[in-house]
Amino acid sequence: MRVDVAFHLMDYDCIVIGGGHAGIEASLAVARLGFSCLLITQNPDRIGALSCNPAIGGLSKSNLVREVDALGGEMGRLIDRSLIQYRVLNRSRGPAVQAPRAQVDKILYQSEARLAVERQPRLAVFMDTVVDILASRSGAAVESVITGRGHVISAKTVILASGTFMEGRIFIGEYDAPQGRLGEAAALGLGGKLRERGMPVGRLKTGTPARVAGNAIDYEKLERQDGEPPEAFSFDHDPGEKLDRSSVPCWITYTNAETHDIIRSNIHRSPLYGGKITGVGPRYCPSIEDKVMRFPERDRHHVFIEPESLAVNEMYLNGLSSSLPEDVQEAFIRSIAGLEHAHIVRPAYAVEYDYLDPLGLYPTLESKSLAGFFAAGQTNGSSGYEEAAAQGVMAGVNAALKMRGEPPLALGRAEAYIGVLIDDLTTLGTKEPYRMFTSRAERRLVLRHDTADSRLTPTGRAVGLVDDTRWERFLHKTQGLDAIRELLRTRKTDAGGAAGGSAGKTLERALVDGTITPEQAPPLLPARSGSEESAFPTEWIIRAALDIKYAGYIEKEERAAERNAKMDAVKLRPDCDYRSIAGLSAESKEKLSLVRPLTLGQAARIPGVRQGDIALLMALMKKDDRRA
């Protein structure tokens, strides 16, 4: 019997391309919302691989993780099951910029991620490489994918989450090869096909440091950095239960003049400086050769030495990302205190890859030129596990909502860091790997990581990702927070600030004027019967106390957000012909036609669009409303 080269597998509602953090969240969201989903990956053993550093969270990134969790995503739970060190960054600063950070066991995290995918009903995994996306006869909507082994698989929606693998190429000095990660083949073919279709495809670059053998490090010469008692990243956790996880130290050392001399004298051998790499790298996470060349006045740079896993001997050299040749890497690493006898297990390398310009996407992460085709993660020009997971869950939700025939979900900048992330990408675009910072968010006090559940769990419940058990837990916490706020408003302090004085000020007033700090509030509330512990979890009390202490600032943020919300409430037609509107400036016509904003607020955030042009659009919208 003759068998055609191309043959069909069964149809799926959705196909997700890529098993990284975006692909995991996207595929789980689609399947949990009741649709059949196929996750296509080049290697199922690498689902959930942490390609770079063995840490998740940190400044602004922990906010993204907790928002993904509040919506019903998986990353927070994976962290809690695999963390090996927990710290809160910026404890000495304000709550808007404090952030939990977890060192995780890479091997355990990856194992837990694969289990989560494989145990999910309606979700299947398939090992292959997607080389083309097929559209309907009209060319307007996605229809199926073609894989490298000739499979044609139909789907109503497709989510591209290829990370650094689409046309990926790694560089180590004079060596380069078509790989998405060291030792893993690139996904070749699809980038070219998307270019042929007219999609805005560009090249970006990122990199990773060497991994060295832990038993060849002289720890006596390093600064020890211990963790704190671990707290849960996921809100789907009983606050009364402590995480039973091991805690291991990290270590700190520094580069020196010799390190920098070795790098400078070999800079001509760097593919980054020799012209082999054309993609733009991350400005905020430069390679060590970039740091040495761009900041010649600096006589040293931090190196954070972090364990990759409890099961292996490898240590990650955070701060030493490089694309220099291996002999140069060995020389400059061994010039650093504590690493004099270092053995490199895996060399540092740079990777260049294709990405889709996010200006070609709506804020729903759906393509403007191909209906039903979504993109998420590094494919959209972002960097970081957390940014990828955030886009993944949103792409998965919106693919499902599209198949339901329901309005899409687009979070606003005032609602979530996820809203800031996606608005920045789809409104401003990016020519370098985008990284989230707290400074990008206008409502930092409201968008704290500890408020993510209150802000987004109702949204996750509305779309169907938050189950009954989790919803009941959320309602219980909400009621508890209300009760705590009432106690803080009515309970008084004595002259010394302790609770219980009849003539003192209220705890609310004491928090506002600084007599007590939020961290001092828990012991001042009523205790459980027969116990010295408060009737409420400590984290709930601190959360409520922070809200009270910064209420004035939060109100200012909310007033500004209300003004922006009015503009975001004015909808614009995505097919509007801006070039035909008399009175718009030439630059605004060009920028508006490129971005095709969905709201007046989004239009106002486009660089180059003038305030006068926004006023003109507002007048035209009002005129259309009167006609309607």
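Computed from a prediction, not measured in an experiment: that's the story for all the values here.

For the rest of this paragraph, the subject is the overall build of the protein. Within the protein, the secondary structure is distributed over 19 helices and 23 strands. For the protein, whose C-alpha radius of gyration is 26 Å, the value lies close to the compact-globule estimate of 25 Å for 628 residues. Restricting the contact set of the protein to residue pairs at least 6 apart, pairs at least 24 apart contribute 72%. Each charge sign in the protein was given a centre, from 80 positive and 82 negative side chains, and these centres are 5 Å apart.

For Leu 598, the location among the structural elements is in the loop between α17 (586-595) and α18 (600-604). Along the chain, Leu 598 and Met 621 lie 23 residues apart, while their C-alpha atoms are 13 Å from each other. With residues near it in sequence (within four places) discarded, Leu 598 still touches Tyr 362, Pro 363, Val 570, Lys 571, Leu 572 and Pro 574.

Overall, antiparallel pairing links the four strands, which are arranged β12-β11-β22-β15 in an open sheet. This sheet does not close on itself; its edge strands, each paired only once, are β12 (175-177) and β15 (201-208). Sheet twist, expressed as the average angle between the axes of neighbouring strands with direction ignored, equals 20 degrees. By the bridge criterion, three bridges tie strand β11 (residues 169-172) to β12 in an arrangement that is antiparallel. Paired with Ile 170 across the two strands is Ala 177, which belongs to β12.

Turning our eyes to something else, we now look at the sheet that holds strand β4 (residues 55-57). Backbone hydrogen bonds hold the strands of a sheet together, and the pairing may be parallel or antiparallel. Reading across the sheet, the three strands line up as β4-β6-β5 and stay open at both edges, with antiparallel pairing between neighbours. Here the strands that pair on one side only, and so sit at the sheet edges, are β4 and β5 (83-89). Sheet twist, expressed as the mean angle between neighbouring strand axes with direction ignored, is 20 degrees.

As a further point, take unusual backbone geometry. The residue Ser 60 is not glycine, and still its phi comes out positive at about 70 degrees. Of note, Ser 60 is situated in the loop between β4 and α2 (61-71). For Ser 60, a relative accessible area of 1% gives the class buried. Here the phi dihedral of Arg 122 falls at roughly 70 degrees; this positive angle occurs in a residue that is not glycine. Relative to the elements of secondary structure, Arg 122 occurs in the loop between α4 (106-118) and β7 (123-127). Note on Arg 122: relative accessible area 45%, which makes it partly exposed.

Tallied over the entire structure, the rule returns four aromatic pairs. Ring centres of Tyr 550 and Tyr 553 lie 6.2 Å apart, and the angle between their planes is 50 degrees; this geometry places the pair in the tilted category. Just above the ring of Phe 235 sits the side chain of Arg 66; from NZ or CZ to the centre is 4.1 Å. The side chain of Arg 300 reaches across the aromatic face of Tyr 254, ending 3.6 Å from its centre.

Glancing now at the nonpolar core. What tends to happen in soluble globular proteins is that the nonpolar side chains get buried as a cluster. Of all hydrophobic cores here, the largest spans 101 residues; its most connected members are Ile 79, Ile 133, Leu 194, Phe 373 and Ile 418. Discounting chain neighbours no more than four positions away, the residues touching Ile 133 are Ile 17, Val 142, Ser 144, Val 145, Val 158, Leu 190, Leu 194, Arg 197, Leu 370 and Phe 373.

Turning to a positive patch on the surface, a few remarks are in order. There is a patch of like positive charges on the surface, built from Lys 556, Arg 559, Arg 563 and Lys 566. With respect to the helices and strands, Lys 556 occurs in helix α16 (residues 551-568).

Once that is clear, we can look at the pattern of salt bridges. Going through the model one piece at a time under the given rule, you end up with 54 salt bridges. Between Glu 308 and Lys 106 there is a salt bridge whose closest N-O contact spans 3.1 Å. Residue Glu 308 is found in the loop between β19 (302-307) and β20 (314-318), and its partner Lys 106 is found in helix α4; the two are separated by 202 residues along the sequence. In this pair, the class of Glu 308 matches that of Lys 106, namely buried.

Glancing now at the pairing of strand β18 (residues 250-254). When you tally the buried positions in β18, you get five out of five residues, the bulk of the element. Neither face of β18 is exposed, since Cys 250, Ile 252 and Tyr 254 on one face and Trp 251 and Thr 253 on the opposite face are all buried. Bridging between β18 and β19 involves four bridges; their strand directions are antiparallel. Its bridge partner lying in β19, Thr 253 is registered against Val 303.

Taking 1.5 Å as the rise per residue, helix α12 (residues 452-463) with 12 residues should run 16 Å; its terminal C-alpha atoms sit 16 Å apart, in good agreement. Within the span of α12, buried status applies to Ala 452, Asp 453, Arg 455, Leu 456, Thr 457, Thr 459, Gly 460 and Val 463. Buried positions along α12 lie against α2, α10 (385-404), α13 (468-490) and α15 (538-549). In the stretch just after α12, Gly 464 is the one whose phi turns positive, near 110 degrees.

With that settled, consider the packing of helix α6 (residues 257-265) against helix α9 (residues 326-334). Axis separation between α6 and α9 bottoms out at 8 Å; the angle between their running directions is 165 degrees. Considering the angle they form, α6 stands roughly antiparallel to α9. The way α6 lies across α9 gives a crossing that is right-handed. Contact with α6, carried on its side by Thr 259, Ile 262 and Ile 263, involves Val 328, Ala 331 and Phe 332 of α9 and no other residues of that element. Here the residues of the contact of α6 with α9 are counted per class, giving five nonpolar, one polar and no charged.

Among the secondary structure elements, Lys 589 is positioned in helix α17. One buried charged residue, Lys 589, forms no salt bridge at all, with the nearest opposite charge on Asp 577 at 8.5 Å. Residue contacts for Lys 589: discarding those within four places in its chain leaves Tyr 578, Arg 579, Ile 581 and Leu 584.

In this model, the protein carries an average pLDDT of 91, and 94% of its residues clear a pLDDT of 70 or more. Scored below 50 in pLDDT, residues 1-7 makes eight contacts in the model with residues more than four places away or belonging to other chains.

Counted at 1.5 Å a residue, the expected span for helix α11 (residues 417-428) with its 12 residues is 16 Å, and the 16 Å between its end C-alpha atoms agrees. Burial runs high along α11: 11 of the 12 residues are buried. The inward-facing, buried residues of α11 contact α2, α10, α17 and α18. Downstream of α11 by a residue or two, Gly 429 has a phi angle that is positive, lying close to 70 degrees.

Following the sequence through the fold, Ser 367 ends up in the loop between β22 (349-356) and β23 (373-375). Through-space distance from the C-alpha of Ser 367 to that of Glu 330 is 44 Å; in sequence the pair is 37 residues apart. Setting aside its immediate chain neighbours within four residues, Ser 367 contacts Met 199, Gly 360, Leu 361, Tyr 362 and Phe 373. There is a polar contact of 3.1 Å between the side chain of Ser 367 and the backbone nitrogen of Ser 369. A distance of 3.2 Å separates a polar side-chain atom of Ser 367 from the backbone nitrogen of Leu 370.

Reading the values: rules and limits
Residues numbered from 1 in each chain as written. Predicted model: local features only at pLDDT ≥ 70, side-chain atom pairs only at ≥ 80, totals over all residues. Heavy atoms only, no water. Helix = DSSP H or I, 4+ residues; strand = E, 2+ residues; numbered from the N terminus. Rg over C-alpha atoms; globule rule 2.2 N^0.38 Å. Contact = heavy atoms within 4.5 Å. Lys, Arg positive; Asp, Glu negative; His and termini not counted. Charge placed at Lys NZ, Arg CZ, Asp CG, Glu CD. Pairing = 2+ DSSP bridges. Axes fitted to C-alpha atoms, helices over the stretch in contact; angles between N-to-C directions. Buried < 20%, exposed > 50% of the residue type's maximum accessible area, 1.4 Å probe, protein only. Phe/Tyr/Trp six-rings, centres within 6.5 Å; stacked < 30°, edge-to-face > 60°. Lys NZ or Arg CZ within 6 Å of the ring centre and 35° of its normal. Core = buried A, V, L, I, M, F, W, Y, C linked by side-chain atoms within 4.5 Å. Patch = residues over 30% accessible without salt bridge, like charges linked within 9 Å, V, L, I, M, F, W, Y side chains within 5 Å. Areas by Shrake-Rupley, 256 points an atom, 1.4 Å probe, with all protein chains shown as cover. Salt bridge = Lys/Arg side-chain N within 4 Å of Asp/Glu carboxyl O. Expected span 1.5 Å × (residues − 1). Parallel < 35°, antiparallel > 145°, perpendicular 65-115°, else oblique. Left-handed = near helix turned anticlockwise from the far one by under 90°. Nonpolar A, V, L, I, M, F, W, Y, C, P; charged D, E, K, R; others polar. pLDDT = per-residue confidence, 0-100. Polar contact = N/O pair within 3.5 Å; in protein donor to acceptor, adjacent residues only side chain to side chain.

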